[in-house]
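Structure at a glance
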Amino acid sequence: MNRRGFLAVVGAVLAAPAYAHTPYGQWVVYRQKHLLVGSHRGDLRTYDLAKEVVAALEEELPEAQARVARGPRPQRIASLMGTGQLFLAVMSADEALRMARAETPFEGYPPTPVHAVAALDPDYLLFAAPEFPRDHGRLVAQAVDHAGLGVRPTEHTTHAGAAAYWS
Amino acid sequence: MKSYYFQVASCCLATLAAPVLADTTNVTWKTEVVVAKEGAFCSDDPNCFNRYHPDIPAVATASPGDFIIFETRDALDSDLTLDSNADDVAALDLSGVHPMTGPVAIEGAERGDVLAVTVVDIDPDQFGYTVIVPGFGFLRDEFTEPYFVGWKQSRTHAVSDAMPGIAIPYEAFTGSIGTMPGELEVEDWLAREAQLAAVGGIALPPEPTGAHPAAICGAGASQEQRCLRTVPPRENGGNMDVQQMQVGTTILIPCFVDGCNLFIGDVHYAQGDGEVSGTAIETGAVVTVTTEIRKGQGEFITSPQVEGGQQIKDIEPSAFHQTIGYPFKEPGSVPTYHTYLESEVIEDLPQLSEDLTLAARHALTQMIDHITRTYDLTREQAYVLASVAVDLRVGQVVDVPNYIITAVLNKDVFVDE
């Protein structure tokens, strides 16, 4: 898939389920237009790394119009990913595991599993929602790799597209 | 002799001062009912809800005349702070709007009555914000990126590092105030909004995600498809965003359930008529009101009305700049507000007939141009300023086809003018 196709599919496929969950239909248009990379204020390291990921995507996939989204706390990532409004996020490995298991502080949220796209440093990874298309995962992993920002994740379930790239 | 006078004076002063030293604090007469804020978010708070349904129970009871104190949350139930930025706006979850405090049952009130609610005081938080949310707001087709302005608030003015040279006067009001609908209203309002949505109009269906109380309105709960969203104002009031509802005014709201079940939330520190960017200066606050029951008046007052006095003058500017808007448009386009009407007739027209929405847009875009040209502000800053300090007003609705809406900028907000 070329880059333009990447953008088109982001809009047409990924955003579709979000319509059912957001109060303003046109808010979805924004999340169709931009590939958001989630982070949260509870751990500002995620914000710094998300900004670096966005810079890498701007360099390699400018059509994705990537930008950072910073929630107030990690539960916002669970909320947005669980309702199809966010597909990429930077989290610590431990936090992602607890989100997948709906453990503290994610009680009250459905289990929200995420798949690793790239390891950004020993503790933090770029994760994608499992439904993030395979080709998209591959392109994002490639962009992060070309920017020298990430390496192959080894200790987590890897997104299928990213796994194809790193192999 | 001088010393004698001094002694006499001191003696008299001491006598006079004696009553002043007495403590009045412990002498009270008000009956206060406090609906406190508990927990960090609405979801943590038994005194908070964000959907309407008659099954949502009252959390307190008050008598007419009691001073009811509502501790309210901001419209987005947000975690925004003075150091937030557009990245925080991009992560907003709008399914939580609007957290309302209450409801409070009024003793003796019945369905068919009108509740007269007098606003006694609004004590705002120290922080408020104005945001541009993509896809929301009157010029949503033009302003498509998130934007954030944090305000430092006192009881006189709000200022922001992001809006240099500007001080917005304290003119707080309850963006949302209302009574709980009954079963019949829920039925009717859901039906009419579904009818509108079916033809492409903007109507928000029930949304269990983020709904509180979750046990009634959340996913899998008994009323998940019957809990009304708080965004549209309706006959029960709610999110009216009418700035004339200042402290001292009395808001008349029909009652649809016994007890009326009054709620308040979404306080605006200040707002222009129109709230054009989609948000005013949004803030939490402590709101004090009293109530009076007007028996049987629901037969005549079927939607909210407001009684007031000097307040409507107090919020007027002492100096202003006004733009005049006509229902003009670009040929070959269908305004975003009219797309659901699927009227091919209007597409190629350079103007529409008797259309106040387009006239408002014309007045507002001219005002944004004026602000950016005159005050060295960006278009985003101008849009935010218009949302909090520009009043859209009807000029006339008779001079066909060009009805007029004007935009009135309050020039008092500019510190150096």
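Residues numbered from 1 in each chain as written. Chains lettered and ligands numbered in written order. Predicted model: local features only at pLDDT ≥ 70, side-chain atom pairs only at ≥ 80, totals over all residues.

**Focus: the overall build of chain B**
So the rule is basically this: Every helix listed is a DSSP run of H or I at least four residues long, and every strand listed is a run of E at least two residues long, numbered separately from the N terminus. Every radius of gyration here is taken over C-alpha atoms, with the globule rule written as 2.2 Å times N^0.38, N being the number of residues. Burial in this document is a count-based property: other C-beta atoms within 10 Å of a residue's C-beta are tallied, and the residue is buried at 20 or more, exposed at 12 or fewer, or partly exposed in between, with C-beta positions derived from the backbone.
Assigned secondary structure in chain B consists of seven helices and 20 strands. A globule of 417 residues ought to have a C-alpha radius of gyration of about 22 Å, and chain B, at 24 Å, matches this closely. Each of the three principal axes of chain B carries a C-alpha extent, and together these read 95 × 55 × 45 Å. Sorting the 417 residues of chain B into buried and exposed places 45% on the buried side.

**A closer look at the confidence of the model for chain A**
This is how the line gets drawn: pLDDT measures how confident the predictor is about each residue, on a scale from 0 to 100. Contact between residues is assigned whenever the C-beta positions, reconstructed from backbone atoms, fall within 7 Å.
In the predicted model, chain A carries a mean pLDDT of 87, and 84% of its residues have values of at least 70. Throughout residues 7–23 of chain A the model reports pLDDT below 50, and contacts reaching past four residues in sequence, or to other chains, amount to 38 contacts.

**Some points on the interface of chain A and chain B**
Note the following rule: As a working rule, the residues Ala, Val, Leu, Ile, Met, Phe, Trp, Tyr, Cys and Pro are called nonpolar, Asp, Glu, Lys and Arg charged, and the rest polar, with Gly in that last group.
Contacts between chain A and chain B engage 21 residues on the former and 20 residues on the latter. Mapped by element, the contributors of at least two residues to the side of chain A that touches chain B are α2 (25–33), β1 (36–40), β2 (67–71) and α4 (74–82) of chain A. Here the residues of the side of chain A that touches chain B are counted per class, giving ten nonpolar, seven polar and four charged.

**A short note on the packing of helix α3 (residues 44–60) of chain A against helix α6 (residues 134–146) of chain A**
Residue and element names in this part refer to chain A. Heads up, the condition is: Every axis in this analysis is a line fitted to C-alpha atoms, fitted for helices over the stretch in contact. Angles between the N-to-C directions lie between 0 and 180 degrees. Orientation labels follow simple angle bins: below 35 degrees gives roughly parallel, above 145 gives roughly antiparallel, 65 to 115 gives roughly perpendicular, and whatever is left gives oblique.
One way to put it is that α3 packs onto α6 with a least axis distance of 9 Å and a crossing angle of 105°. Comparing their axes, α6 and α3 come out roughly perpendicular. In this structure, α3 contributes Val53, Ala56, Leu57 and Glu60 to the contact, and α6 contributes Val140, Gln142, Ala143, Val144 and His146.

**A few points about the environment of Phe320 of chain B**
Residue and element names in this part refer to chain B. Structurally, Phe320 can be placed in strand β18 (residues 320–325). With 88 residues separating them in the primary sequence, Phe320 and Val408 have C-alpha atoms 6.3 Å apart. Ignoring any residue separated from it by four or fewer positions in sequence, one finds Phe320 in contact with Val408, Leu409, Asn410 and Lys411.

**Details of the pairing of β1 of chain A**
Residues and elements named next belong to chain A. How we decide: The pairing criterion is simple: DSSP has to find at least two bridges between the two strands. We call a crossover right-handed when, viewed with both strands directed away from the observer, the connection leading from the first strand over the helix to the second proceeds clockwise.
Burial of β1 is extensive: five of the five residues sit out of reach of the surface. With burial as the criterion, each face of β1 is covered, one bearing Leu36, Gly38 and His40 and the other bearing Val37 and Ser39. Pairing analysis gives five bridges linking β1 to β2, with the strands arranged parallel. Following the sheet pairing, Val37 is matched in β2 by Val68. Crossover β1 to β2 through α3 is right-handed. One ladder, built from two bridges, connects β1 with strand β3 (residues 88–92); its direction is parallel. The residue bridging Gly38 from the neighbouring strand is Ala89, located in β3.

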